[in-house]
Amino acid sequence: MTVPTGRRERKKAATRQKIADTALRLFLERGYDAVGIREVAAEADVAVTTLFAHFASKEALVFERDDDFERRLERAVADRAPDEPLVPVLRREIHALVRHCTAEGAAPVWRMIDDSPDLREYEESMRLRHADSLAAAIAADAGPARSATACRTLARFTVDAYSLAREAHDPDGAVDEIFRMIEAAWEVAGGR
């Protein structure tokens, strides 16, 4: 996450983080469905309109790092060295993201998500959006030699690798296993 530089941006970021932390604490204490938006706003000592200025929905409170995840994937493609192969860069980024989401203390959050149809649906729509965004970055980087289908497939598999690996007994091993398959498919499609 980028650190805001100006005073106003820092205050906005601090308010956003306070709301997200408060919401997550309440959701874990009492259950996602048992906590309303007004309760989160009151507990965070902000107006409901302030909460919605930072988060578009109740589900977005749980996935507060959603935009960071998407930007990291886009930057991994765009910021790599011209001679650096794409798939290993994506593998490193997914490794880092999986380590973050499987860190100590993350399991209760994922149980909450798995137990909530609304959160599972939101996560699925979020993954599709991330894949579309990553596909656009890959297509812009790959040039005309790569089909839109190949770029979308690589993006979808990359984003799905994150989800599959975080659920695996050995997340790091799962990322490596999945990316061996992704790399082989990308090579068949003419990738580097």
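Because the structure is a prediction, the values reported are computed rather than measured.

> What is the right way to look at the nonpolar core in this model?
In a soluble, globular protein the nonpolar side chains are often hidden away together inside. By size, the foremost hydrophobic cluster in this structure holds 54 residues, and its most contacted members are Phe27, Val40, Ile94 and Ile138. Tallying contributions element by element places helix α9 (residues 148-167) first for this core, with eight residues. If near-sequence neighbours (up to four positions away) are discounted, Phe27 is found in contact with Tyr32, Val35, Val40, Lys58, Leu61, Val62 and Met112.

> What is the right way to look at the packing of helix α6 (residues 86-101) against helix α10 (residues 171-188) in this model?
When two helices pack together, their arrangement is given by the angle between the helix axes and the distance between those axes. Look at α6 against α10: their axes get within 10 Å of each other, and the N-to-C directions meet at 155 degrees. Here α6 is positioned roughly antiparallel relative to α10, judged by the angle of their axes. Seen from above, α6 lies across α10 with right-handed handedness. Taken together, the residues of α10 that come into contact with α6 (itself represented by Leu86, Val87, Pro88, Leu90, Arg91, Ile94, His95, Val98 and Arg99) are Pro171, Asp172, Val175, Asp176, Phe179, Arg180, Ile182, Glu183 and Trp186.

> Teacher, can you tell me more about the side chain of Arg166 here?
Within the secondary structure, Arg166 sits in helix α9. For Arg166, a relative accessible area of 10% corresponds to the buried category. Among the polar contacts listed, one links the side chain of Arg166 to the side chain of Glu123, at a separation of 3.5 Å. Apart from the residues within four sequence positions on either side, Arg166 is in contact with Val98, Cys101, Thr102, Trp110, Asp114 and Glu123.

> Honestly, the side chain of His95 in this entry has me stumped. Any pointers?
Structurally, His95 can be placed in helix α6. Only 2.7 Å separates the side chain of His95 from the side chain of Asp176, close enough to count as a polar contact. Residues within four places of His95 in sequence aside, it is in contact with Asp172, Val175 and Asp176.

> What's the story with the packing of aromatic side chains in this structure? I'm lost.
Given two aromatic rings, one states the distance between the centres and the angle between the planes to describe the pair. Here the structure, examined in full by the defined rule, presents three aromatic pairs. Their ring planes at 25 degrees and their centres at 5.4 Å tell us that Phe63 and Tyr122 sit as a pair that is stacked. Within this pair, whereas Phe63 is found in the loop between α4 (58-62) and α5 (66-78), its partner Tyr122 is found in helix α8 (residues 117-142), the two being separated by 59 residues in sequence. On the basis of relative accessibility, which here comes to 8%, the residue Phe63 falls in the buried class.

Reading guide: rules and limits
- Numbering of residues begins from 1 in every chain and follows the order in which that chain's sequence is written.
- Owing to the predicted nature of the model, reporting of local features is limited to residues with pLDDT of at least 70; listing and counting of side-chain atom pairs is limited to 80 or more, with chain, interface and lining totals taken over all residues.
- The side-chain values count all of the structure's non-hydrogen atoms but skip hydrogen atoms and water molecules.
- By convention a nonpolar core is built from buried Ala, Val, Leu, Ile, Met, Phe, Trp, Tyr and Cys residues, the set being connected through side-chain atoms within 4.5 Å.
- For each residue, the accessible area found with a 1.4 Å probe, counting protein chains only, is set against the maximum for its type, and the residue is called buried under 20%, exposed over 50%, and partly exposed in between.
- Strands are runs of DSSP state E lasting at least 2 residues, helices are runs of H or I lasting at least 4, and numbering of each runs from the N terminus.
- The contact criterion used throughout is that any non-hydrogen atoms of two residues lie within 4.5 Å.
- The angle between two axes is taken between their N-to-C directions and runs from 0 to 180 degrees, where each axis is a line fitted to C-alpha atoms and a helix contributes only its stretch in contact.
- With respect to orientation, any angle under 35 degrees is reported as roughly parallel, any angle over 145 as roughly antiparallel, any angle of 65 to 115 as roughly perpendicular, and every other angle as oblique.
- Here a crossing is called left-handed whenever its near helix is offset anticlockwise from the far helix by less than a right angle, and right-handed whenever the offset is clockwise.
- Two N or O atoms form a polar contact when they lie within 3.5 Å of each other; inside protein one atom must be a possible hydrogen donor and the other a possible acceptor, and for residues adjacent in sequence the pair counts only when both atoms belong to side chains.
- The aromatic pairing rule takes the rings of Phe, Tyr and Trp, using the six-membered ring of Trp, and pairs them if the centres are within 6.5 Å, calling planes under 30 degrees apart stacked, those over 60 edge-to-face and the rest tilted.

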